[in-house]
Amino acid sequence: MLVRAELSEQMDALRLTGFDANPVQFLMRLENIRKTAQMHRFDAVAEIASVFETSLQKVMVHGGAHETIENFTGILEDAIGCRELEVSVASKMLAQVALRLHG
């Protein structure tokens, strides 16, 4: 429960960070979420955060960060609250992001 609370606090801080205003700080906070999740074996959260980071790095060049952030933060929050922590759960959640972003 303490780890979920810590991850939720980190998500709140992430949401308060404007990607357009400070992409480096946003990515650092996202990396902290990933590292915390890895350290505590929240594999699904760590995997989603990793893919989120990669996706943001791609859209930094081409635009579209707002839509990417909106979709990934929702899925990441769902993963933090999920009872199943395995990577297989992350794959299913990431498929939802792909459907949202690409129809």
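A brief structural summary. (Residues numbered from 1 in each chain as written. Predicted model: local features only at pLDDT ≥ 70, side-chain atom pairs only at ≥ 80, totals over all residues. Heavy atoms only, no water.)

**So, the pattern of salt bridges**
Piece 1. Across all of its chains, the model carries 4 salt bridges by this definition.
Piece 2. As a salt-bridge pair, R15 and E77 come within 2.8 Å of each other at their nearest N and O atoms. One end of the pair, R15, is in helix α1 (residues 2–16); the other, E77, is in helix α4 (residues 65–81), and 62 residues separate them in sequence.
Piece 3. Taking the relative accessible area as the measure of exposure, E77 reaches 30% and is therefore partly exposed.
Piece 4. The partner of K35 in a salt bridge is E31, and the shortest N-O contact between them spans 3.3 Å. Taken as a pair, K35 and E31 lie in helix α2 (residues 23–39) at a separation of 4 residues, close to a single helical turn.
Piece 5. Given a relative accessible area of 27%, E31 falls into the partly exposed group. (Salt bridge = Lys/Arg side-chain N within 4 Å of Asp/Glu carboxyl O. Helix = DSSP H or I, 4+ residues; strand = E, 2+ residues; numbered from the N terminus. Buried < 20%, exposed > 50% of the residue type's maximum accessible area, 1.4 Å probe, protein only.)

**Some remarks on the packing of helix α3 (residues 43–62) against α4**
Packed helices, taken two at a time, are described by the angle between their axes plus the distance between the axes.
Piece 1. Where α3 meets α4, the closest approach of the two axes is 10 Å, and the angle between their N-to-C directions is 175°. Taken together, the axes of α3 and α4 lie roughly antiparallel to each other. Contact residues: α3 offers V45, I48, A49, V51, F52, S55, L56 and V59, while α4 offers A65, T68, I69, F72, T73, I75, L76, A79 and I80.
Piece 2. Per-class residue counts for the contact of α3 with α4 are 14 nonpolar, 3 polar and no charged. (Axes fitted to C-alpha atoms, helices over the stretch in contact; angles between N-to-C directions. Parallel < 35°, antiparallel > 145°, perpendicular 65-115°, else oblique. Contact = heavy atoms within 4.5 Å. Nonpolar A, V, L, I, M, F, W, Y, C, P; charged D, E, K, R; others polar.)

**A few points about α4**
Piece 1. The terminal C-alpha atoms of α4 lie 24 Å apart, and with 17 residues this matches the ideal 24 Å at 1.5 Å per residue to within 8%.
Piece 2. Every buried residue of α4 is listed here: A65, T68, I69, N71, F72, T73, G74, I75, L76, A79 and I80. (Expected span 1.5 Å × (residues − 1).)

**Thoughts on α3**
Piece 1. For α3, built from 20 residues, the straight-helix expectation of 28 Å at 1.5 Å per residue is met to within 8% by its first-to-last C-alpha distance of 29 Å.
Piece 2. Where α3 is concerned, the buried positions are A44, V45, A46, I48, A49, F52, E53, S55, L56 and V59.
Piece 3. A positive backbone phi angle near 90° is found at G63, which sits one or two residues after α3.

**So, the environment of L76**
Piece 1. Assignment of secondary structure puts L76 in helix α4.
Piece 2. Between the C-alpha atom of L76 and that of V45, which follows or precedes it by 31 residues, the distance is 6.4 Å.
Piece 3. Sequence-distant contacts of L76, that is, excluding residues within four places in its chain, are made with M11, L30, I33, V45, I48, A49 and F52.

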